[in-house]
Amino acid sequence: MKLRVDVLRQKSPTSKPYRQIIELDCENTETTVAALLDTINSSNLKDINLNDIGEIKWDCNCLQKKCGACAMVINGRPRLACDTKVSEFKNGKITLEPLKKFPTVCDLVVDRAPMYENLKKLNVWLEDNSALKPKNTELAYEASRCIQCGCCLEVCPNFSVDASFFGAAAAVPVSRIISELNKTKGYDVLLNYRKNIYNGCGKSLSCMNICPVGIDIENLMVNSNAASVWKRKN
Amino acid sequence: MTVNIVGAGLAGLSCAYTLAKKGVKCNLISLQPSERAQSVMAEGGINASLNTMGENDSVIEHFLDTMKGAVDLADPNAVLGLCRNAPSLIEMLDKLGVPFSKNSVGIIQRNFGGQKKKRTAFVKSSTGKIVMTALIDTVRKYENRQLITRYSHHKFERLIIENGECKGVIVRDTYNDELKSFCGAVVLCTGGMNGLFEGLTTGTVNNTSDVTATVFEQGVQLANLEFLQYHPTTVEMQQKRFLISEAARGEGARLFINKNGRRWYFMEEKYPELGNLMPRDVVSAEIIKVTAMPECENTVYLDMTPISKDIWENRLSDLKEQCNHYLSVNPQKTPLPVSPGIHYFMGGIYVNENHMASINGLYAAGECACQYHGANRLGGNSLLGALYGGKIAGESVSKIDTEFILNSKTEKFPDKKVSHEISKEISKILSESLKILRNENDLKTAEDKLKFLLNKDLNDAEKKRVNLALATVMCALSRKESRGAHRRVDYPNIDENFRKTTIVSLVNGKIEISYSEIPELRNKNEVKS
């Protein structure tokens, strides 16, 4: 299969982005975008204008969609590079861009620090020992699976790094905390949830079906809403 | 005093949490955020003799199984501490909100390799991930209280060593190339040495081995580098090895090979008591043996079809999804061809029972440290070792009462990386010699090739990695016996004279190997069964 890979590159946070198009052959139908990037980076290929490519910077670590590092925009959709097979794109055209909601560091690397700062602002931690009840075990498990990749934020019409709405990447982890509280009043996290998640969510549902690990975001938010807004007991 | 923890996986988080509870400040320095750490990949579970399964389990049995798995090469006092504290650590995780599966007695446990009793607590097949989430959230509480300061996207460059003592660490911000020096004791929690076998391990890419290689060059002693764990059930995939968790066998999966046209469940036949759940070193070596037999085909299969639908859904859901996605195999229907792959490094930075390394002011915990696992680690003991090791390192370092004052200044120096070509070359040399079954010829050839490579035009990072690789090969050459994960076809038996820890250090540019006695167990009466 002939591939035409169009990469949006950027040398530094302040420099101007530019596109580079690389053509190469790929025989293995199991090849992921992660493997493709490794291939390009370990080859001496030139782009279609015969310019050097150099190292295309991208974040990765586990290569098995367990760590969330390699999130990027692939053919317009935020996805994990290790979770995307090139054979999906029948015409062989692949566009790679950094997540756009976060500041670009270089090439496909973005600074996702705002996501972590939001978790701090939201008080995503347990002040007391967990009071997890058996009926909430599955909920807490599901919420614990979030890999903080940021794909859900990319598609969210209400999220931006300086907005007061923190998006699903915060709504999921906080739902674990809420599901394990011994009472549904008196904790800052409940007030913060209302302010930074509940009030700002436009219910566009754009984050459904985007999560690379398939977290049922809606179900988690329904439970968090019940506890923080309607004060339903856990 | 501010402690500098390098690495934010489970050991690093555990250390930071321990320090924060004592009111001691720390910098938590890591290349990537904790969510990206290899700890999130641990699947099967975490060992502790909770005795919730009606099998009369005990700390002593956990201790004896761990020592037996380690083929008596672990520090028994450290291992006893590990096993004795395991139940309270699980209790801690429970309080931090890890949603363990429970029955009316308590946390449900499953069978794991090298252990006769159900001792492995788990959260489906994502135990590491779920435990990490709870620890990350807890650590965040102390970040908010300014007891823990995170430096994500910071790469370890080197220790600051003055007069033979570690006084701090130099790190580089990978986003803007800025160097920073942090004064204070250092705890390394930097993971296993996957980079020595690029593309050939089940672990993560960023555990390059370069931190270990750097401190080795700086004079820090390493230990037991020859002990590499080959996990018996891995599958080749692009860029790495795919792991089929031991939990699959713990829940009933069976290994077989076709012999004279019929399925031969060789592990069950050869080892009737533990069968498919023998320690990993034994299973991997058996796979090599049976695939070499003329009457057998050359592929071993893992048959996961005996596992019930309920177990798949409630205990192994992630594993099923991953097999489908990455291997295009439905493990509920089709046996999977498997072969051993490098999974864990028992050796690493030499530490004592308190997790202090060979120089003052330096500590290490987690997979980067050589502790608890001896010649072979039991499944379920890695999360435990990281959690407990991080805690002990934190407790030890918090007792330091001397002030750290830096006399030297850091001059700028360029970022050096190991090139793809050199990395691949080292991996090739090592994988051809540090096999499951080893021999002197292969190891000598590897030694020669690495020495030759050292004379090439290498950058500093490359030299360090080649030296670490060479040290590993020399450790394997020097241990003339077969024990645990180190099997020499030319020395097929255990030699009690080698019941010692291999110590390797770089002295004036020369790699030196010595052996250190395994400490005696202090409370012998306690473990008399």
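Keep in mind that this is a model prediction, so the values were computed, not measured.

(A) Broad picture of the overall build of chain A. Helix and strand content of chain A: seven helices and seven strands. Projecting the C-alpha coordinates of chain A onto the three principal axes gives extents of approximately 65 × 35 × 30 Å. Counting every position in chain A, which comprises 234 residues, the buried fraction comes to 49%.

(B) Up close: helix α5 (residues 168–179) of chain A. In a regular helix each residue adds 1.5 Å, so 12 residues correspond to 16 Å; α5(A) covers 16 Å between its end C-alpha atoms and thus fits that length. The buried count for α5(A) comes to 12 of 12 residues, which makes it a mostly enclosed element. If you follow the buried residues of α5(A), they end up packed against α2 (113–121), α3 (137–144), α4 (151–154), α6 (188–198) and α7 (217–228) of chain A together with α4 (127–144) of chain B.

(C) Fine view of the packing of α3(A) against α5(A). All names here are of chain A. Running from N to C, α3 and α5 point in directions that differ by 150°, and their axes come no closer than 8 Å. Of the possible angle classes, the one that applies to α3 and α5 is roughly antiparallel. Where α3 crosses over α5, the two elements pack in a sense that is left-handed. Contacts from L139, A140, A143 and S144 of α3 reach α5 at V172, P173, S175, R176 and S179. Of the residues in the contact of α3 with α5, the class split is five nonpolar, three polar and one charged.

(D) Representation of the interface of chain A and chain B in the model. Taken together, the contact pairs 38 residues of chain A with 33 residues of chain B. Within the residue set of the side of chain A that touches chain B, elements represented by two or more residues are α1 (33–41), α2, α3 and α5 of chain A. With four residues, α3(A) is the largest single contributor of residues to the side of chain A that touches chain B. Among the residues forming the side of chain A that touches chain B, the class breakdown is 19 nonpolar, 11 polar and eight charged.

(E) Main features of the sheet that holds strand β11 (residues 222–223) of chain B. Residue and element names in this part refer to chain B. Here five strands make up an open sheet; going across it, the order is β20-β18-β11-β23-β24 and the pairing mixed. Two strands close off the open sheet at either side, each with one partner strand: β20 (369–370) and β24 (510–517). Two elements, strand β18 (residues 348–350) and β20, share two bridges in a ladder whose sense is parallel. The residue bridging Y350 from the neighbouring strand is C370, located in β20.

(F) The sheet that holds strand β10 (residues 186–188) of chain B, seen in detail. Residue and element names in this part refer to chain B. As summarised here, the arrangement of the five strands in space is β6-β2-β1-β10-β19, forming an open sheet in which the pairing is parallel. Each having just a single partner strand, β6 (148–151) and β19 (362–364) make up the two edges of the open sheet. The average angle at which neighbouring strand axes cross in this sheet is 20°, direction not considered. Of the pairings in the sheet, the one linking β10 to β19 comprises three bridges and is parallel in character.

(G) Geometry of the environment of Q221(B). All names here are of chain B. Secondary-structure assignment places Q221 in the loop between α5 (210–217) and β11. Residue classification places Q221 among the buried residues on the basis of 20 C-beta atoms within 10 Å. The spacing of Q221 and L384 is 163 residues in sequence and 24 Å in space, taken between C-alpha atoms. When near neighbours in sequence (up to four residues on either side) are disregarded, Q221 contacts Y350, S358, I503, V504 and S505.

Rules behind the numbers
Residues numbered from 1 in each chain as written. Chains lettered and ligands numbered in written order. Predicted model: local features only at pLDDT ≥ 70, side-chain atom pairs only at ≥ 80, totals over all residues. Helix = DSSP H or I, 4+ residues; strand = E, 2+ residues; numbered from the N terminus. Buried ≥ 20, exposed ≤ 12 C-beta atoms within 10 Å, placed from the backbone. Expected span 1.5 Å × (residues − 1). Contact = placed C-beta atoms within 7 Å. Axes fitted to C-alpha atoms, helices over the stretch in contact; angles between N-to-C directions. Parallel < 35°, antiparallel > 145°, perpendicular 65-115°, else oblique. Left-handed = near helix turned anticlockwise from the far one by under 90°. Nonpolar A, V, L, I, M, F, W, Y, C, P; charged D, E, K, R; others polar. Pairing = 2+ DSSP bridges.

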